[in-house]
Amino acid sequence: MTVFPGGDEANESWAAGDRDQEQLPFSALLEDSAEDLYENAPCGYVSTLMDGRIAKVNGTLLKWLGYRREDLIGHKQFSDLLTIGGRLYHETHFSPLLRMQGEVNGIALELKTANGSRLPVLVTSTIKQDSDGEPLLVRTTLLDAQDRRTYERELLRAREQAERERERVQRLAETLQRTLIPPTLQPVPGSDVAAHYHFASSDEVGGDFYDLFPLAAGRWGFFMGDVRGKGADAAVVTSLARYTLRAAAVSDPVPATVLANLNTALNQQPQEDEPPFCTVIFGLLTPQGGDGGFHIVLAGGGHPPALLLRADGRADHVPTPGGQLVGVVPDAQFATATVSLGPGDTLLLYTDGLTEARTSDSGERYGDDALLDFARVLAPTSAPEAVEALTVLLDSFGEGLDDDTALLAISVPPAGR
């Protein structure tokens, strides 16, 4: 309290004036009439008889609708104030539910104003009963929902725009992904080939890639790789890797040299936080005489080893130990392995999405050993059969398969086929 010069008497007088000022709002509330509160409430009120005829309406609702009181009382039913759709809903749902429950809360309807425009409202109705429990009239409260309706429409527009943008991104990702993997593989005379690509996400471009293409002198080149990361950055590296491998193989098809050329190309790319790198396995397929089949030289750059499924039912990895990731260091070294693919044999290449798939809620991974056991049960087989069986295996992982996975298989038909 402020203290004024002039002694206690002056200060007491000032304090009394303060209390009088504080009491003024409360006095105004006490003098406010119930009729005025009803008429000028911030919401609309309407009371109807049990047959729906309007018996009482407040000034707020009249102002919203643009009607005079005498236009409504005794002349219109509450349903007459609704749009056609609202009237149907009122008669088939709202009114029966009200009679059954005695009250209905927060129903969204639209009123027709005198000038023909629409007013969205939230409607709450209760039935007033007499002392014997018989219904007398219906009391309805209406809240202006224009701001809410505007918000809902804006929210709907934003959602529809987000869906359109999501569809656009999906189409872009699918189109870009199709440019990074061959839609079909060219047939290699004397062999069967098959491939499959599992997309883990419809929104992002994956980094897995593969190809099979002819070279001079009847030889063929093939490769499979996996770029670090996803999205646009991964797509750039994937595209560079795929076309560099093709060009390098045409120039000099020695597998280790092909990977060395790719390593040089990646090292020359601009680097930000981490250098662009990938795992790759490249193979040179050369027909061999006699009973048919192929001589294969493989070079590995940090990629999971290929699987060789023999005609006699054996299956094992084709290791390329010592092969380094492609693109990490300028002088990377790449290991090679040589195999003979005879009648009834199948060579399988895959990316680590397969072996790193989760097989349980605890996060346990499928793993290299499980894949090898699967291959040993599968052998002997053909390229199409192997890819089909592995596709079924991939589907069995469900949500546990959270990374893109590529499969490429080459087989020689059994003798006499």
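Right above here is the structure, for reference.
Residues numbered from 1 in each chain as written. Predicted model: local features only at pLDDT ≥ 70, side-chain atom pairs only at ≥ 80, totals over all residues. Heavy atoms only, no water.

A.B. asks: I'd like to hear about the packing of aromatic side chains, residue by residue, with values.
C.D. replies: Per the stated rule, a full pass over the model turns up six aromatic pairs. Seen in terms of ring centroids, Tyr197 and Phe199 are 4.8 Å apart; in terms of plane orientation they differ by 40 degrees. Their pairing is tilted. On the basis of relative accessibility, which here comes to 9%, the residue Tyr197 falls in the buried class. For Phe199, a relative accessible area of 40% gives the class partly exposed. Summarising the aromatic geometry, the rings of Phe223 and Phe282 are spaced 6.5 Å apart at their centres and angled 15 degrees between planes, so their arrangement reads as stacked. A residue pair is termed long-range when its members are at least 10 positions apart, and Phe223 in strand β8 (residues 220–227) and Phe282 in strand β9 (residues 278–287) qualify at 59 residues. Take Phe223 and Phe282: they sit in the same class, and that class is buried. Here a set of aromatic residues connected by ring pairs shows up, and it is made of Phe209, Phe213, Phe223 and Phe282. The side chain of Lys56 reaches across the aromatic face of Tyr38, ending 4.5 Å from its centre. Arg242 extends its terminal NZ or CZ atom over the ring of Tyr243, reaching a point 5.4 Å from the ring centre. (Phe/Tyr/Trp six-rings, centres within 6.5 Å; stacked < 30°, edge-to-face > 60°. Buried < 20%, exposed > 50% of the residue type's maximum accessible area, 1.4 Å probe, protein only. Helix = DSSP H or I, 4+ residues; strand = E, 2+ residues; numbered from the N terminus. Lys NZ or Arg CZ within 6 Å of the ring centre and 35° of its normal.)

A.B. asks: Lay out the sheet that holds strand β11 (residues 306–309) with the relevant residues and their values.
C.D. replies: Strand order in the open sheet formed by five strands is β6-β15-β14-β11-β12, and the pairing between neighbours is antiparallel. Looking at strand neighbours, the two that pair on one side only are β6 (192–198) and β12 (315–318), the edges of this open sheet. Adjacent strand axes in the sheet meet at a mean angle of 20 degrees when their direction is disregarded. Looking at chain direction, β6 and strand β15 (residues 405–411) are connected through seven bridges and run antiparallel. From the neighbouring strand, Ala194 faces β15, where its bridge partner is Ala409. Strands β6, β14 (346–350) and β15 of the sheet are contacted by helix α10 (residues 383–396), whose axis makes an angle of about 15 degrees with β6. (Pairing = 2+ DSSP bridges. Axes fitted to C-alpha atoms, helices over the stretch in contact; angles between N-to-C directions. Contact = heavy atoms within 4.5 Å.)

A.B. asks: Can you explain the sheet that holds strand β3 (residues 103–112)? Please cite residues and give values.
C.D. replies: Taken together, the five strands give an open sheet; going across it, the order is β2-β1-β5-β4-β3, and neighbouring strands pair in antiparallel fashion. Lying at the two open borders of the sheet, with one neighbouring strand each, are β2 (54–57) and β3. Ignoring which end each strand starts from, the neighbouring axes of this sheet average 30 degrees apart. As defined by bridge partners, strand β1 (residues 44–49) adjoins β2 across three bridges and the pair is classed as antiparallel. Residue pairing across strands places Val46 opposite Val57, the latter belonging to β2. Against the sheet, helix α5 (residues 84–101) makes contact with β3, β4 (118–129) and β5 (135–144), and its axis sits at roughly 160 degrees relative to β3, the strand it touches most.

A.B. asks: Give me the pattern of salt bridges: which residues, what numbers.
C.D. replies: As enumerated under the stated definition, the model contains 11 salt bridges in all. A salt bridge links Arg68 to Asp71; the shortest N-O distance between them is 3.1 Å. By relative accessible area, Asp71 is classed as partly exposed at 25%. One salt bridge connects Asp345 with Arg310, and the closest N-O pair in it is separated by 2.7 Å. Of the two residues, Asp345 sits in the loop between β13 (335–341) and β14 while Arg310 sits in the loop between β11 and β12, which places them 35 residues apart along the sequence. Accessibility expressed as a relative area gives 6% for Asp345, which makes it buried. Using a relative accessible area of 21% as the deciding quantity, one classes Arg310 as partly exposed. In the salt-bridge network here, residues are joined through shared partners; they are Arg68, Glu70 and Asp71. (Salt bridge = Lys/Arg side-chain N within 4 Å of Asp/Glu carboxyl O.)

A.B. asks: Before we move on, could you go through the packing of helix α7 (residues 231–251) against helix α8 (residues 255–267) and cite the residues and values that matter?
C.D. replies: Direction vectors running N to C along α7 and α8 enclose 140 degrees, while the axes themselves pass 9 Å from each other. One element, α7, and the other, α8, form an angle in the oblique class. The crossing of α7 and α8 is right-handed. Contacts from Val237, Leu240, Ala241, Thr244, Leu245, Ala248 and Ala249 of α7 reach α8 at Val258, Leu259, Asn261, Leu262, Ala265 and Leu266. Looking at the contact of α7 with α8 residue by residue, the class counts come to 11 nonpolar, two polar and no charged. (Parallel < 35°, antiparallel > 145°, perpendicular 65-115°, else oblique. Left-handed = near helix turned anticlockwise from the far one by under 90°. Nonpolar A, V, L, I, M, F, W, Y, C, P; charged D, E, K, R; others polar.)

A.B. asks: Kindly report on a negative patch on the surface, identifying the contributing residues and their values.
C.D. replies: A surface patch of like charges, here negative, comprises Glu356, Asp368, Asp369 and Asp373. Of note, Glu356 is situated in the loop between β14 and α9 (368–378). (Patch = residues over 30% accessible without salt bridge, like charges linked within 9 Å, V, L, I, M, F, W, Y side chains within 5 Å. Areas by Shrake-Rupley, 256 points an atom, 1.4 Å probe, with all protein chains shown as cover. Lys, Arg positive; Asp, Glu negative; His and termini not counted. Charge placed at Lys NZ, Arg CZ, Asp CG, Glu CD.)

A.B. asks: So what's going on with unusual backbone geometry? Which residues, and what values?
C.D. replies: With omega at -5 degrees, the peptide bond leading from Ala379 into Pro380 counts as cis. Relative to the helices and strands, Pro380 resides in the loop between α9 and α10. Phi at Ala217 is positive, roughly 60 degrees, even though this residue is not glycine. Mapped onto the fold, Ala217 is located in the loop between β7 (208–214) and β8.

A.B. asks: Account for the nonpolar core, naming residues and giving values.
C.D. replies: In this structure, Phe222, Leu285, Ile296, Val318, Leu341, Leu347 and Leu349 are the most contacted members of the largest nonpolar core, which totals 26 residues. Of all the elements in the fold, those that place two or more residues in this core are β7, β8, β9, β10 (294–301), β11, β13, β14 and β15. In contact with Leu349, not counting residues within four places along its chain, are Phe222, Met224, Ile281, Ala306, Ala406, Leu407 and Leu408. Core analysis: the next-biggest nonpolar cluster, separate from the first, contains 23 residues, Phe213, Leu266, Ala299 and Ala332 among them. (Core = buried A, V, L, I, M, F, W, Y, C linked by side-chain atoms within 4.5 Å.)

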